[in-house]
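Reading the structure
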Amino acid sequence: MFDKKYLTAKNVLQILKEAEEKGIKADFDGKTIVDVLDFRNYVFSTPVSFQKTTFRCTVYFMGATFQGDVSFSGATFEGYADFKDATFEKYADFSGATLLGEAYFTDARFRYYVSFRDATFLHDITFRYATFMYYANFEDARFKNRANFENATFEKYVDFWNAMFWCEAYFTGATFKNYVYFCRATFDRYASFANASF
């Protein structure tokens, strides 16, 4: 029924509900979503895959809970992306994702491994007060506008190997409780680690 490439928000919700009823992964790989996607405070009870999905819309995942693995690997977000106060219980994969608009992960909680390896952020990205409870991977990530990690908490190993920050980077008040790796990372402009703890 939904073999077509372009999906509306209504289509997405139908596919998701069917997957939850069957207890299987909801698969949106390679699809293009064309209207506003609003999953504020939604509980995703099964794994969800948006690999290489194109979001030609604003997406709201504010307060959402992902109880299973979720993948946005290779996805493209063409508009505003809101993950404020979202909770990721299992593996969260944003590797190779491209975010063209503003993106917010303020107060997000990553309870397991999260990867932003090779992700590209073309607009402001905010991880203020986010909590990373397991390994956080930002290897080769490219921050082409302001990157804000103010007061973020990294409970375990965090890796910014070869990450590139073209604009301001703020780690003010961030807490690094374990090993942190910035080898070969480049900061082209102002970088603040004021009041950060290691």
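Quick look at the structure, then. (Residues numbered from 1 in each chain as written. Predicted model: local features only at pLDDT ≥ 70, side-chain atom pairs only at ≥ 80, totals over all residues. Heavy atoms only, no water.)

1. Digging into the sheet that holds strand β18 (residues 114-115)
Pairing is parallel across the open sheet formed by eight strands, whose spatial order is β2-β6-β10-β14-β18-β22-β26-β30. The open sheet has two free edges, formed respectively by β2 (26-27) and β30 (180-181), since each of these has just one partner strand. (Pairing = 2+ DSSP bridges. Helix = DSSP H or I, 4+ residues; strand = E, 2+ residues; numbered from the N terminus.)

2. Thoughts on the side chain of Thr120
Tracing the backbone through its elements, the reader meets Thr120 in strand β19 (residues 120-121). Reaching out from Thr120, the side chain makes a polar contact with the side chain of Arg142 at a distance of 2.9 Å. Non-local contacts of Thr120, meaning those with residues more than four positions away in its chain, are made with Ala97, Thr98, Leu99, Arg142 and Lys144. (Polar contact = N/O pair within 3.5 Å; in protein donor to acceptor, adjacent residues only side chain to side chain. Contact = heavy atoms within 4.5 Å.)

3. Details of the packing of aromatic side chains
With the rule as written, the count across this model stands at 71 aromatic pairs. Pairing Tyr113 with Tyr135 gives two aromatic rings, centres 5.0 Å apart and planes at 5 degrees, and the pair type is stacked. With a gap of 22 residues between them, Tyr113 in the loop between β17 (109-110) and β18 and Tyr135 in the loop between β21 (131-132) and β22 (136-137) connect regions that are remote in the sequence. On the accessibility criterion, Tyr113 (21% relative accessible area) is partly exposed. Ring geometry for Phe127 and Phe138: centres 5.7 Å apart, planes at 90 degrees, overall edge-to-face. (Phe/Tyr/Trp six-rings, centres within 6.5 Å; stacked < 30°, edge-to-face > 60°. Buried < 20%, exposed > 50% of the residue type's maximum accessible area, 1.4 Å probe, protein only.)

4. Focus on the environment of Val180
Counting through the fold element by element, Val180 comes out in strand β30. As for Val180 and Trp161, which are separated by 19 residues in sequence, their C-alpha atoms are 9.5 Å apart. Once you skip the residues sitting within four places of it in the chain, Val180 turns out to touch Val158 and Phe198.

5. Focus on the pattern of salt bridges
The final tally for this structure, using the stated rule, is nine salt bridges. For Arg142, the salt bridge identified is with Asp118, shortest N-O distance 2.9 Å. Of this pair, Arg142 sits in strand β23 (residues 142-143) while Asp118 sits in the loop between β18 and β19, and the two are 24 residues apart along the sequence. Among the residues examined, Arg142 registers a relative accessible area of 21% and is labelled partly exposed. A relative accessible area of 35% means that Asp118 is categorised as partly exposed. (Salt bridge = Lys/Arg side-chain N within 4 Å of Asp/Glu carboxyl O.)

6. Describing helix α1 (residues 9-22)
For α1, with 14 residues, the first-to-last C-alpha span of 20 Å sits near the 20 Å given by 1.5 Å per residue. Against the buried residues of α1 lie β1 (6-7), β2, β3 (32-33), β4 (37-38), β5 (43-44) and β6 (48-49). Backbone geometry just downstream of α1 places Gly23 in the positive-phi region, at approximately 70 degrees. (Expected span 1.5 Å × (residues − 1).)

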